[in-house]
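Secondary and tertiary structure notes
Listed below, chain by chain, are the residues.
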Amino acid sequence: MDYTVKKVWSPLLRLYHWTFAISIGTLVVTGLYIHDPWTNSTLFGTGKFTMALFREIHFSAGFALMAAFIARVYLLIFGNKEERILSFAPVTPANIRNFFSTIGYYLYFGKKEHRPGHNAFAGTFYLLTLFFALGQILSGLYLMYPENLSIQGMGLALFGTQQEARFIHHLIMWYFMLFALVHVYIVIWNDIMDPEGLVSSIFTGRKFFEKKAGPSA
Amino acid sequence: MSRTLWDPEVSRRSFLKGCAICCAALGLSDDIIPKMAEAATSKKRPPVVWLHFQECTGCTETLLRASHPDVARLILDIISVDYHETLLAAAGEQAEEILRSTVAENSGKFVCVVEGAIPTKDNGIYCKIGGRTALEILNEVAPKAAAVIAIGTCASFGGIQAAKPNPTGAKGVRDILNTTPVVNCPGCPPNPIAFLGTVLHFLTFKRLPPTDRLGRPLFAYGRKIHDHCERRPHFDEGRFAEQFGDCGHKNGYCLYKLGCKGPETYSNCPAVRFNDVGVWPVYVGHGCVGCTEPNFWDTMTPFYERLPNVSIPGGNGINNSAESFGKKALGITGAAVAIHALAGIGKKLAQKKGETGDE
Ligand code: HEM
Ligand code: HEM
Ligand code: SF4
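Starting afresh in each chain, residues are numbered from 1 along the sequence in its written order. Chain letters start at A and ligand numbers start at 1, both assigned in the order the entries are written. In keeping with the model being predicted, local features are shown solely for residues with a pLDDT of at least 70 and side-chain atom pairs are shown and tallied solely at 80 or more, while totals for entire chains, interfaces and linings include all residues. Side-chain figures throughout are based on the complete set of non-hydrogen atoms in the structure, without hydrogens or water.

1. Some details on the site of ligand 2
Put simply, the rule is: The rule for a residue being near a molecule or strand is that one of its heavy atoms must lie within 4 Å of it. Polar contact criterion, stated in full: a pair of N or O atoms within 3.5 Å, where within protein one must be able to donate a hydrogen and the other to accept it, and residues adjacent in sequence count only if both atoms are side-chain atoms. Gly falls in the polar group here, along with every residue not listed as nonpolar (Ala, Val, Leu, Ile, Met, Phe, Trp, Tyr, Cys, Pro) or charged (Asp, Glu, Lys, Arg).
Around ligand 2 there are 25 residues in total, and H35, R55, H58, R166 and H169 of chain A lie nearest to it. More than a single chain frames ligand 2: its nearby residues are located in chains A and B. In this structure, an oxygen atom belonging to ligand 2 sits 2.6 Å away from a side-chain N or O atom of R55 of chain A. Taking H170 of chain A, its side chain carries an N or O atom lying 2.9 Å from an oxygen atom of ligand 2. Each residue belonging to the shell around ligand 2 can be placed in one class, and the counts come to 14 nonpolar, eight polar and three charged.

Here is the structure:
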């Protein structure tokens, strides 16, 4: 079978993806520790600041997440064709059609519609994930800078008191855990069902398309 | 009720001591103490009208129980509380008359202190004094005041009356008044110093102290409990009490895992402490319950858990901790993923069978 190679993901998008994925992994682990510190110590004077260390890692990873978020928002507008928001947001007729045909494909009905970028179903969840990332960033900043009055105003308007913000911050964590589980599964599933090199595309930026099928977009 | 400096009950020395305590709490230099003393004893100082609505009188009680007599007397004797239902000698029609005349004579000048929430449902019939509803009294008295100070969480944010399902539609003062400046001194009960500091700031500088976005004076509510707590080193170093009475608890470790809400609560309790005997809840081994925060009866409960429970919509009051809720969601999703994968494998196998059958 003949394949063509197409460059779809720019280096910035790939850098964003892995910063995003690794920082979220770190944030979930350290966040769970902050929620319920599973270590407990009776040692004094050892200089082991366990909780302080977990919090510091959490905050550093939080800033990495912020950087990744900003990079992705930039690419939504100024990225290449596949990276821009209209390429996968379910707002154009073609994308809405693709949204439903992808659900069918994932349920083992119907055929895959070949596109170079994200399908619209995945794209919708990627946008939702970015939205929740913004929620984590804003609630995280509110928890982190409790004495800044502008941030307090933002936090009170969006989340409520510190306790409510913390609760929301905690619940959104579970969204990320669910997303990561399903996302990694679906990506691998796609790679098995249709050999376009999807998994490696997020490292190399390249996807492969059968010559006769070709990308439809 | 107003007395002078030379009243035998308050010596000049103890009076100045009270002023100095408040000065320190406000973060002011001690140059201010004489000015404050002068303002608090000036003949022209504004009278105070104290309104009680839906409350337990606990806020007044803490002021009276302040073991340090200087602070309590400073509040009750030096600043002229002209109308205070708990402390008033007069009763009935006489008391009502004092309220009327104080408000009329000092319109635009007096300080109005509100203790307790205001029910608003059914025109506020759930709290009446002298035949008038709390809502009527507040709407009549407060707009004529120079400033309103809400003392306690009930007057500030509604408190326990406003906890779900809030049967009487109870609200805090700031949710009702939008004309007169309102300062909130929440707490259940609030620290007397937070209240007195606010009053003395107003008397000395003729304006209310700067506040945060919830109307709480920054000098008392500008920081989180957690950031001033004496158990904080245990938190940072990862030493926690796991249960009340265990060895960690006996050793004074951090109460985070017992549901302490210090990390979400703004107040100066660890710095000022209570009743001048140097104690506050976390000091005596009980986690903070977050009593200075709006809706704390709803959001800070269960008091011995870190986070509120997730109520499952339509689940008939089924409550679940965020942790087990998340674990269940993750389990269901994992199962869905497994079923999806198995369905794919099943389909492949069925196709293979079909293909071999065709041949
Ligand atoms: C080892 C694990 C992972 C692999 C192999 C992987 C792989 C991929 C691939 C191949 C894509 C492109 C899919 C497409 O074209 O539709 C993608 C996109 C994406 N992944 Fe992952 N991923 C991993 C982990 C994660 C994690 C942990 C997160 C975050 C929780 C994440 C978030 C995303 C997002 C948000 C996108 C969309 C990128 C965009 O905005 O354009 N990934 N991933
Ligand atoms: C996907 C992203 C994130 C996840 C999954 C996450 C998860 C968590 C969790 C589970 C907690 C503990 C809450 C509790 O149960 O008590 C927490 C606390 C916290 N997070 Fe995040 N977080 C994320 C992003 C961020 C970001 C971007 C920031 C901001 C820089 C941030 C700042 C904080 C702060 C300040 C706390 C409170 C720590 C403390 O007071 O000790 N988080 N996070
Ligand atoms: S006892 Fe409470 S306020 Fe003190 S350090 Fe621990 S969590 Fe923070």
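2. Thoughts on the coordination of the iron atom of ligand 2
All names here are of chain A. Let me state the cut-off plainly: Coordination partners: N, O, S within 2.8 Å of the metal, 3.2 Å for Na, K and Ca; water not considered, so apparent gaps in a site are possible. Each label reflects the angles at the metal, where four donors whose angles all fall between 85 and 135 degrees are tetrahedral, four or six donors whose opposite pairs open beyond 155 degrees and whose other angles stay between 65 and 115 are square planar or octahedral respectively, and the rest are irregular. Starting at the N terminus, helices and strands are each numbered in turn, a helix being any DSSP run of H or I of at least four residues and a strand any DSSP run of E of at least two.
Protein coordination of the iron atom of ligand 2 is provided by H58 (NE2) and H169 (NE2), with donor distances spanning 2.0 Å. In this structure, the iron atom of ligand 2 is surrounded by six donor atoms whose angles at the metal cover 85 to 179°, and the resulting shape is octahedral. With a gap of 111 residues between them, H58 in helix 2 (residues 50–78) and H169 in helix 6 (residues 162–193) connect regions that are remote in the sequence.

3. Describing the confidence of the model for chain B
Residue and element names in this part refer to chain B. For clarity, the threshold we go by: pLDDT runs from 0 to 100 and stands for how confident the predictor is about each residue. For this analysis, residues touch if any pair of their heavy atoms sits within 4.5 Å.
Per-residue confidence for chain B averages 86 on the pLDDT scale, and 91% of its residues sit at or above 70. Here residues 1–8 is modelled with pLDDT under 50, and outside its nearest four sequence neighbours on either side it reaches 16 contacts, counting other chains as well. Across the assembled chains, the prediction reports ipTM 0.90 with pTM 0.91.

4. A short note on the site of ligand 1
All names here are of chain A. Near ligand 1 you find 18 residues, and of these H17, R72, H118, Y126 and H183 are the closest. At the level of secondary structure, the elements contributing two or more residues to the shell around ligand 1 comprise helix 1 (11–35), helix 6 and helix 7 (198–204). In terms of residue count, helix 1 provides more of the shell around ligand 1 than any other element does, seven residues in total. Among the residues forming the shell around ligand 1, the class breakdown is 13 nonpolar, three polar and two charged.

5. Describing the coordination of the iron atom of ligand 1
Residues and elements named next belong to chain A. How we decide: For every residue, the accessible area obtained with a 1.4 Å probe (protein chains only) is divided by the maximum for its type, and the residue is called buried under 20%, exposed over 50%, and partly exposed between those limits.
The coordination sphere of the iron atom of ligand 1 contains the protein donors H17 (NE2) and H183 (NE2), at a distance range of 1.9 to 2.0 Å. Here the iron atom of ligand 1 binds six donor atoms, and the angle range of 86 to 180° at the metal identifies the geometry as octahedral. Residue H17 is located in helix 1, and its partner H183 is located in helix 6; the two are separated by 166 residues in the primary sequence. Side by side, H17 and H183 carry an identical accessibility label, which is buried.

6. A short note on helix 3 (residues 93–106) of chain A
Residues and elements named next belong to chain A. Rules: In this analysis, the expected span of each helix is defined as 1.5 Å times one less than the number of residues it contains.
The terminal C-alpha atoms of helix 3 lie 20 Å apart, and with 14 residues this matches the ideal 20 Å at 1.5 Å per residue to within 8%. Every buried residue belonging to helix 3 is among N95, N98, F99, T102, G104, Y105 and Y106, and all of these are buried. Where helix 3 terminates, the next one or two residues include Y108, which has phi positive at roughly 65°.

7. Regarding the sheet that holds strand 9 (residues 182–185) of chain B
Residues and elements named next belong to chain B. Basically, it comes down to this: Any two strands with at least two DSSP-identified bridges between them are counted as paired. For helices, the axis comes from a line fit to the C-alpha atoms of the stretch in contact; other axes are also lines fit to C-alpha atoms, and the angle between any two N-to-C directions lies between 0 and 180 degrees.
With respect to topology, five strands assemble into an open sheet ordered 2-1-3-7-9, the strand pairing being parallel. Looking at strand neighbours, the two that pair on one side only are strand 2 (81–84) and strand 9, the edges of this open sheet. Neighbour-to-neighbour, the strand axes of this sheet turn through a mean angle of 20°, independent of strand direction. Pairing between strand 1 (residues 48–52) and strand 3 (residues 111–115): five bridges, direction parallel. Each residue of the ladder has a partner; that of V49, found in strand 3, is C112. In this fold helix 8 (residues 192–205) packs onto strand 1, strand 3, strand 7 (147–151) and strand 9, with an angle of close to 175° to the strand it touches most, strand 7.

8. Side note on the packing of helix 1 of chain A against helix 2 of chain A
Residue and element names in this part refer to chain A. Let me state the cut-off plainly: For this classification, under 35 degrees means roughly parallel, over 145 means roughly antiparallel, 65 to 115 means roughly perpendicular, and everything else is oblique. Each crossing is labelled by how the near helix is turned from the far one, with a counterclockwise turn of less than a right angle marking it left-handed and a clockwise turn marking it right-handed.
At their nearest, the axes of helix 1 and helix 2 sit 8 Å apart, and the two run at 150° to each other. As summarised for this structure, helix 1 and helix 2 are arranged roughly antiparallel, according to the angle between their axes. Considering the relative orientation of helix 1 and helix 2, their crossing is left-handed.

9. Examining the nonpolar core
All names here are of chain B. Here is the rule we go by: As used in this record, nonpolar core signifies buried Ala, Val, Leu, Ile, Met, Phe, Trp, Tyr and Cys residues forming a set joined through side-chain atoms within 4.5 Å.
Counting residues in hydrophobic clusters, the biggest one holds 35 residues, and the most contacted among them are W50, V113, I149, I151, F195, L200 and L203. Per-element accounting of this core gives the leading share, seven residues, to helix 8. Contact partners of V113, with chain neighbours within four places excluded, come to V48, V49, W50, L51, I149, I151 and F195.

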